[in-house]
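# Understanding the architecture of this molecule
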Amino acid sequence: MVDGPTLVIVGSSGAVGRAVLQALGTRSLVWGEIRLAASSRHVGQRVSAYGQELVTRAVSPELFAGADVAIIAVPDDVAESVAEMAVAAGVPAVDCSPTFRAAEDVPLVVPEVNPAQIHHRPRGIVASPSASSTAFLTALGPLHQGWGLNRAIVTAMQAVSGYGDAGTAQLVAETDSLAGQRSIGLTPGDIRHLLDLDTVSPFPAPVAANVVPVTSELDSEGWSQQEARMRREARKVLGLPELRMAATTVWVPVLTAHSLSVHATFERKISADEARQTLMEGMNSVVVLDDPENEDWPNPVDVAGSDPTFVGRIRSSPDFPRSLELFVCTDNLRKGAALNMIQIAEAIAQE
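Model, not experiment: these values are computed from the prediction.

Definitions and limits used
Residues numbered from 1 in each chain as written. Predicted model: local features only at pLDDT ≥ 70, side-chain atom pairs only at ≥ 80, totals over all residues. Heavy atoms only, no water. Helix = DSSP H or I, 4+ residues; strand = E, 2+ residues; numbered from the N terminus. Rg over C-alpha atoms; globule rule 2.2 N^0.38 Å. Buried < 20%, exposed > 50% of the residue type's maximum accessible area, 1.4 Å probe, protein only. Contact = heavy atoms within 4.5 Å. Areas by Shrake-Rupley, 256 points an atom, 1.4 Å probe, with all protein chains shown as cover. Lys, Arg positive; Asp, Glu negative; His and termini not counted. Charge placed at Lys NZ, Arg CZ, Asp CG, Glu CD. Pairing = 2+ DSSP bridges. Core = buried A, V, L, I, M, F, W, Y, C linked by side-chain atoms within 4.5 Å.

Next up on the list: the overall build of the chain. A tally of regular secondary structure across the chain gives nine helices and 13 strands. Its C-alpha atoms give the chain a radius of gyration of 21 Å, within 12% of the compact-globule value 20 Å for 351 residues. Taking the principal axes of its C-alpha atoms as reference, the chain extends roughly 55 × 55 × 45 Å. When burial is assessed residue by residue, the chain has 51% of its 351 residues classed as buried. If you take every contact in the chain between residues at least 6 apart in sequence, the share linking residues at least 24 apart comes to 69%. When the accessible area of the chain is evaluated, it comes to approximately 16,000 Å², of which 51% is carbon and sulfur surface. Between the centroid of the 26 positive side chains of the chain and the centroid of its 41 negative side chains there is a distance of 3 Å.

Right, let's talk about the pairing of strand β10 (residues 258-266) for a bit. Most of β10 is tucked away, with eight of its nine residues classed as buried. Here strand β8 (residues 149-158) runs beside β10; their pairing, made up of eight bridges, is antiparallel. Bridging across to β10, Thr-155 finds its partner in Ser-261. As paired elements, β10 and strand β13 (residues 320-330) share eight bridges and run antiparallel to each other. Considered in β13, the bridge of His-258 is made with Thr-330.

Attention now goes to the side chain of Ser-323. Relative to the helices and strands, Ser-323 resides in strand β13. Among residues more than four places away in sequence, those in contact with Ser-323 are His-263, Ala-264, Thr-265, Arg-315, Ser-316 and Ser-317.

Another point: the nonpolar core. What tends to happen in soluble globular proteins is that the nonpolar side chains get buried as a cluster. Phe-136 and Leu-143 are the most contacted members of the largest nonpolar core, which totals 56 residues. When residues of this core are assigned to their parent elements, the largest contribution, seven residues, is made by helix α3 (residues 131-147). If we ignore the near neighbours within four places in the chain, the residues touching Phe-136 are Leu-149, Ala-152, Val-154, Met-230, Ala-234, Met-245, Leu-260 and Val-262. Ranked by size, the runner-up nonpolar core spans 32 residues in total, among them Ala-19, Ala-337, Ile-342 and Ala-345.

Before going further, it helps to spend a moment on unusual backbone geometry. Unlike most non-glycine residues, Ala-209 shows phi in positive territory, near 55°. Among the structural elements, Ala-209 can be located in the loop between α5 (190-195) and α6 (225-238). Judged by relative accessible area, Ala-209 falls into the exposed class, the value being 55%. The backbone phi angle of Ala-257 is positive, close to 100°, even though this residue is not glycine. With respect to the element layout, Ala-257 can be found in the loop between β9 (244-251) and β10.

That is the geometry; function is a separate question.
What follows is the structure, encoded as structure tokens:
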């Protein structure tokens, strides 16, 4: 243990909470003490992390006493009460749920893009964007700084771990049900029949051998909540309230790592070579993999478990001279949630 501030991690037993603990193992020693908290069924569990033997505690006001920062990685329905409990104890809270992202008095932060906002916390809370938004903003942030992002059309192909452990378990169960089937897909409905399991799926349709074009509840105009959030979050983080953006989010049969197909238009003409050079010379949070002739491009299977955001297939659009096409991949549990919150927490600790 080193001398340093105290970090509280609430929701340490969930998919994002476990990713926070894993990501901490790759960071410099900052924290003198780490406290874990989770739901009642996990209280008392011992976890080895950050060179310490930690015991999971219950969520209570005492948990936050004397702490310096709290990372909140809990379901939406309890995020507000937990964050407010931390703030009431004088502890800044970093939250990754949708609860606070749209609030005018809560900064929404991707540290590579708008780090100064971390230090303006009227309510004592900093929100972390959705994983798809974080991937988009980390990749496009450096290009926006140089050429001015004007418009974006994004298709986000989301891994099932975006729905937590329940999403991963559902894909595994459906994949198991298809094992050994060598003639499926020859008649209508035969795959659907094999995927009609007894379990209650968190998805509106099978995800194995499928793509599900609805990721959350739809509004009156047919946009899903996640699609509306991507537009709103990009505008807020970039400080572009008039940014023209359309997003389509889909579930794909991938365990971990979201992939985005991006059509981005800028105020000034930008070439593919200029974009590659800018991204390669920028922060190491972005890695360019863009050599298709040698099969070098971002793939979810290669990105899972990594911290950076990977960008490839960078192309100039012949019909759109101020536009680029990009393919972006990031581990939705790492940079998409856990690492982004850790970076914010570290910046608060430096205060």
